[in-house]
Amino acid sequence: ASCPNSRFDAEYLLCFHLRNNRGYLLAHSRDELAAAQLEGFWEGVEKRCQGMPAQYVVGMQEFRGLEFEVSPEVLIPRPETELLVGEVLRCFPEGPVTLVDVGTGSGCIAISLAVERSEARLFAIDLSGKALEVARRNAVKHGVETNIRFLEGDLLSPLSLVAQAESIDGICSNPPYVAEGDLPALQREVRDWEPRVALAGGLKGLSLIERLVPQALHWLRPGGYLSMEIGYNQQEQVCALFGEEWQDLRLNQDFSGIPRLVTAQKRSSPAGIYR
């Protein structure tokens, strides 16, 4: 069915129905399956052949050692986004802080931060109410539902109901950054199954990032950090969005050596001067 990594995906689906790992599968390769296991496995294979990502077939994806519920309502968490969580933790190694995850989707970023920084207060924002339902279930699953307040709305606009300007320590986001013209060329598993609202970033892929940077300047305290995931070859355009109100601008590469994260610190200044 022209599925990339077809054998791996078949083994992944089989492991899921066996409720065991790949090592068990290899050691018991000649075992017979129970009828219910076999039926579920073939149902999953059929869905995968139609292009549905294996993570949606089984309804979960691992992220920073935690299992997250995923569905076509949310973007599948990627290893590159684990680097974003690590960058936020580097900016705030200890102490109580107020953090915001913009475009939370499955909640993997906010929940991972809450698990690793139990003293942090978090706001997780998404435009999709259905995505927030998934994120809330994941927060309950990992026991951090009291640490995170989920807000529905566009970028940072919902903060006006719960916070004051210049009161946020850190803002992070994996925003939509795929240019409209690049969407048709995406792998079918991404193009046809993952939520378009979590992928499409306008004509050049920068429309949400261009709005998020000035909004972050309004909400961050002096000395606060904004950290974002960006698309391939977007580093120059994104870095140009940060003016003299920012300092300590840096780029982090992903596992393939591609600039993937942009982080900047709001300069310390008298309150309100940059509003």
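As the structure is a computational prediction, the values presented were derived from the model and not from experiment.

### Some words on helix α7 (residues 129-141)
For α7, which comprises 13 residues, the first-to-last C-alpha distance of 19 Å matches the rise-based estimate of 18 Å (1.5 Å per residue) to within 8%. Restricting attention to buried positions, one finds in α7 the residues Ala131, Leu132, Val134, Ala135, Asn138 and Ala139. Taken around the axis of α7, the buried residues stretch over an arc of 155°, which confines them to a single face. More than 90 degrees from the buried face of α7, the exposed residues found are Lys130 and Val140. Structurally, the start of α7 carries an N-cap: the backbone nitrogen of lysine 130 is 3.3 Å from a side-chain oxygen of serine 128. Just downstream of α7, glycine 143 is the residue with a positive phi angle, here 70°.

### Description of the side chain of serine 71
With respect to the helices and strands, the residue serine 71 is situated in the loop between β2 (66-69) and α5 (79-91). Assessed through its relative accessible area of 17%, serine 71 is described here as buried.

### Points about the environment of valine 88
Here valine 88 lies in helix α5. The sequence separation of valine 88 and isoleucine 109 amounts to 21 residues, and the corresponding C-alpha distance is 9.8 Å. Other than its neighbours up to four places away in sequence, valine 88 contacts Leu99, Leu113 and Cys172.

### A closer look at the pairing of strand β6 (residues 168-173)
Along β6, 6 of the 6 residues are buried, which leaves the element largely enclosed by surrounding structure. In this structure, strand β3 (residues 98-102) lies alongside β6, joined through 4 bridges in parallel fashion. Bridging across to β6, valine 100 finds its partner in isoleucine 171.

### Quick word on unusual backbone geometry
Located in the positive-phi region is asparagine 5, a residue other than glycine, with phi close to 55°. Assessed through its relative accessible area of 59%, asparagine 5 is described here as exposed. One non-glycine residue, arginine 64, adopts positive backbone phi at about 50°. Along the chain, arginine 64 falls in the loop between β1 (60-63) and β2.

### Focus on the packing of helix α1 (residues 6-18) against helix α3 (residues 35-49)
Packing of α1 against α3 leaves a shortest axis separation of 9 Å and a crossing angle of 145°. The crossing of α1 and α3 is right-handed. Here α1 contributes Asp9, Ala10, Leu13, Leu14, His17 and Leu18 to the contact with α3, which in turn contributes Gln37, Gly40, Phe41, Gly44, Val45 and Arg48. Looking at the contact of α1 with α3 residue by residue, the class counts come to 6 nonpolar, 4 polar and 2 charged.

### Digging into the sheet that holds strand β9 (residues 259-266)
Pairing within the open sheet is mixed, and its 7 strands lie in the order β5-β4-β3-β6-β7-β9-β8. Single-partner strands in this sheet number two, and they are β5 (148-152) and β8 (246-253). Averaged over neighbouring strand pairs, the angle between their axes works out to 15° when direction is ignored. α7 contacts β4 (121-126) and β5 of the sheet and is inclined by roughly 170° relative to β5.

### Re the packing of α5 against helix α6 (residues 108-116)
Taken N-terminus to C-terminus, the directions of α5 and α6 make an angle of 40°; their axes are 10 Å apart at the nearest point. One finds that α5 runs oblique with respect to α6. As for the relative orientation of α5 and α6, their crossing is right-handed in sense. Between α5, through Thr81, Leu84, Val85, Val88 and Leu89, and α6, the contact on the second element is made entirely by Ile109, Ser112, Leu113 and Glu116. Across the contact of α5 with α6, the residue classes tally to 6 nonpolar, 2 polar and 1 charged.

### A short note on the pairing of strand β7 (residues 220-229)
Burial of β7 is extensive: 8 of the 10 residues sit out of reach of the surface. As judged from the 5 bridges shared by β6 and β7, these two strands associate in the parallel manner. Looking across to β7, one finds that glycine 170 is bridged to tyrosine 225. Across 5 bridges, β7 lies against β9 in antiparallel orientation. The residue of β9 that forms the bridge with tyrosine 225 is glutamine 265.

### So, the side chain of threonine 98
Structurally, threonine 98 is set in strand β3. Within the structure, threonine 98 has its side chain in polar contact with the side chain of arginine 121 (distance 3.4 Å). Excluding anything up to four places from it in sequence, threonine 98 contacts Arg121, Phe123, Ser167, Ile168, Asp169 and Gly170.

Calculation criteria
- Residues numbered from 1 in each chain as written.
- Predicted model: local features only at pLDDT ≥ 70, side-chain atom pairs only at ≥ 80, totals over all residues.
- Heavy atoms only, no water.
- Helix = DSSP H or I, 4+ residues; strand = E, 2+ residues; numbered from the N terminus.
- Expected span 1.5 Å × (residues − 1).
- Buried < 20%, exposed > 50% of the residue type's maximum accessible area, 1.4 Å probe, protein only.
- Arc of directions from axis to C-beta.
- Polar contact = N/O pair within 3.5 Å; in protein donor to acceptor, adjacent residues only side chain to side chain.
- Contact = heavy atoms within 4.5 Å.
- Pairing = 2+ DSSP bridges.
- Axes fitted to C-alpha atoms, helices over the stretch in contact; angles between N-to-C directions.
- Left-handed = near helix turned anticlockwise from the far one by under 90°.
- Nonpolar A, V, L, I, M, F, W, Y, C, P; charged D, E, K, R; others polar.
- Parallel < 35°, antiparallel > 145°, perpendicular 65-115°, else oblique.

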